[in-house]
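Each chain is listed here by its residues.
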Amino acid sequence: MNMIEKKPLVLENPSLAFKSDVPTDSVTWQSPSNIALVKYWGKKDIQIPCNPSVSFTLSTSTTETRLEFEPNTEGRVSIEFFLDKVRNEKFETKIVSFLDSIVPIFPFLKQLKFKAYSSNTFPHSAGIASSASGMSALALCLCSIEKKYFNNLTIENEFFEKASYIARLGSGSACRSLYGGVVSWGEIAGVNNTSNEYGTCLNDVVHPDFLKFKDSILIVDAAQKKVSSRVGHGLMNSNPFSMERFRQANTNIATLLKAMKENDMETFMSITESEALTLHAMMMTSMPYFLLMKPNTITLIEKIWEYRQETGNPVCFTLDAGPNIHLLYPESIENEVNKFIEAELTKYLHDSCRLRDCVGSGPKNI
Ligand code: DP6
């Protein structure tokens, strides 16, 4: 067991300011979304999770961000944000306040005038949260500037650890998108280098079959969700079941990681599904309470259970903070599961919309 108390990282660094010759340049990263198996729901202090979480990094659901910059004389953070080439002032406001909050970490932020061009591979209407892929792509761009112009972060591990830390400050789950495969966030007893401040790649401690897992994202409803994750996390402060939930998440991580190491599919599926339903149970038991599942979410869950019962195929589901189903299964049964989806599930989907994804290899510098 890792009993050494970790000190919080101090990343404030006044030396990361240009002394002369402020550059004009651009950096581009493509970064994936991720889907949690053990869920982060509840936070404290500055983006510190109340319990550790574990996720699959996705492959095809990604955000690409090109960050252009030139000298800035305004003396304050300045960024224009474009989503699919169209200026998006709602995101822009959020990004300005995020960048303002990290000026002590990257003092050069006030010296540069930015334009960010972002696009997602998944359709905007698919109801998929883009904060994990978007925030991780932005964090990577900022770390690339530090690396290129201040000659820091030249060691790959340090580069991604810092990017993960920065992404976490933008959106908690984003810190898990910095690595491919299976990634945790939050201190896990007995697992080295796990931290509340950044994500950790766990590929070495899981069976390789999980690194090729498939995720069919079944879009039940594409409307924007009515309760943001930020508000949902906040409601855990007064949820009467929260303490037990945080304790359970720690136990579930230990059980899940053991199952993933031993390729114990039964346990993997039961913890994964229980986590999804517990997340939604927390929403239903918050005050004010809310419900993000839709009738077809339940119909699909029942169809998945029937299929599993009849065929014995190891297919399970998880849910994000929304009504859509992530159908998870090993690569070896891909063809059969595709037939099942076409025959039994597509009719319950919004515009028959289904995204074919799988566990991916992490961000790419473009
Ligand atoms: C249900 O990472 O979106 O997807 O830190 O406030 O940006 P913020 O929250 P966010 O919450 C994600 C919640 C979740 C579970 C998970 O991804 O672990």
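For the structure, see preceding data.
A brief structural summary. Computed from a predicted structure; not experimentally measured.

## Considering the overall build of the chain
A count of helical and extended segments in the chain gives 8 helices and 14 strands. For 366 residues, the compact-globule formula gives about 21 Å, and the C-alpha radius of gyration of the chain, at 20 Å, lands near that figure. Taking the principal axes of the C-alpha coordinates as reference, the chain spans close to 70 × 50 × 40 Å. Every one of the 366 residues in the chain was classed for burial, and the buried ones make up 54%. Pairs at least 24 residues apart make up 74% of the contacts formed inside the chain by residues separated by at least 6 positions. Roughly 16,800 Å² of accessible area belongs to the chain as shown, and the carbon and sulfur atoms make up 52% of that amount.

## A closer look at helix 3 (residues 156-170)
Compared with the 21 Å implied by 1.5 Å per residue over 15 residues, the 21 Å span of helix 3 between its first and last C-alpha is a close match. Where the residues of helix 3 are buried, they touch strand 1 (25-38), strand 3 (48-49), helix 1 (89-101), helix 2 (131-150), strand 8 (182-185) and strand 9 (199-201).

## Concerning the pattern of salt bridges
What the rule picks out here adds up to 14 salt bridges. With a closest N to O distance of 2.6 Å, Lys148 and Asp25 form a salt bridge. In this pair, Lys148 sits in helix 2 while Asp25 sits in strand 1, placing the two residues 123 residues apart along the sequence. Accessibility expressed as a relative area gives 52% for Lys148, which makes it exposed. Take Asp25: its relative accessible area is 21%, and that puts it in the partly exposed class.

## Here we look at the sheet that holds strand 11 (residues 316-319)
Spatially, 11-12-10-13 is the arrangement adopted by the 4 strands of the open sheet, whose pairing is antiparallel. Looking along the sheet, the strands with just one partner apiece sit at the ends: strand 11 and strand 13 (354-358). Averaged over all pairs of adjacent strands, the angle between their axes in this sheet comes to 25°, without regard to strand direction. Summarising the sheet, strand 10 (residues 214-218) and strand 13 pair through 5 bridges and their orientation is antiparallel. The residue bridging Ile217 from the neighbouring strand is Leu355, located in strand 13. Its contacts with the sheet place helix 6 (residues 265-284) against strand 11 and strand 12 (325-329), and it is angled at close to 30° to strand 11.

## Section: the environment of Thr318
Relative to the elements of secondary structure, Thr318 occurs in strand 11. For the pair Thr318 and Ser242, spaced 76 residues apart in sequence, the C-alpha separation works out to 20 Å. Filtering out sequence-adjacent residues up to four positions away, Thr318 remains in contact with Ile35, Ala36, Lys39, Thr272, Ala276, Asn324, Ile325, His326 and Leu328. Reaching out from Thr318, the side chain makes a polar contact with the side chain of Lys39 at a distance of 2.9 Å.

## Focus: the packing of aromatic side chains
Enumeration according to the criterion identifies 21 aromatic pairs in this entry. Considering the side-chain rings of Phe213 and Phe268, the 5.4 Å spacing of their centres and the 70° angle between planes classify their relative orientation as edge-to-face. Highlighted residues: Phe213 in the loop between strand 9 and strand 10 and Phe268 in helix 6, separated in sequence by 55 residues. Each member of the aromatic cluster is reached from another via a ring pair, and the members are Phe18, Phe69, Phe106, Phe108, Phe114, Tyr149 and Phe150. Cation over ring: Arg168 sits above Tyr165, and NZ or CZ is 4.8 Å from the ring centre.

## Some points on the nonpolar core
Formed by 45 residues in total, the largest nonpolar core has its most connected members in Leu67, Leu99, Ile102, Phe106, Phe108 and Leu109. Counting residues per element, the ones that place at least two in this core are strand 1, strand 4 (53-71), strand 5 (78-83), helix 1, strand 7 (112-120), helix 2 and helix 3. Residue contributions to this core peak at 10 residues, all from helix 2. Apart from the residues lying within four places of it in its own chain, the contact partners of Phe106 are Leu16, Leu142, Cys143, Glu146, Lys162 and Ile166.

Rules behind the numbers
Residues numbered from 1 in each chain as written. Predicted model: local features only at pLDDT ≥ 70, side-chain atom pairs only at ≥ 80, totals over all residues. Heavy atoms only, no water. Helix = DSSP H or I, 4+ residues; strand = E, 2+ residues; numbered from the N terminus. Rg over C-alpha atoms; globule rule 2.2 N^0.38 Å. Buried < 20%, exposed > 50% of the residue type's maximum accessible area, 1.4 Å probe, protein only. Contact = heavy atoms within 4.5 Å. Areas by Shrake-Rupley, 256 points an atom, 1.4 Å probe, with all protein chains shown as cover. Expected span 1.5 Å × (residues − 1). Salt bridge = Lys/Arg side-chain N within 4 Å of Asp/Glu carboxyl O. Pairing = 2+ DSSP bridges. Axes fitted to C-alpha atoms, helices over the stretch in contact; angles between N-to-C directions. Polar contact = N/O pair within 3.5 Å; in protein donor to acceptor, adjacent residues only side chain to side chain. Phe/Tyr/Trp six-rings, centres within 6.5 Å; stacked < 30°, edge-to-face > 60°. Lys NZ or Arg CZ within 6 Å of the ring centre and 35° of its normal. Core = buried A, V, L, I, M, F, W, Y, C linked by side-chain atoms within 4.5 Å.

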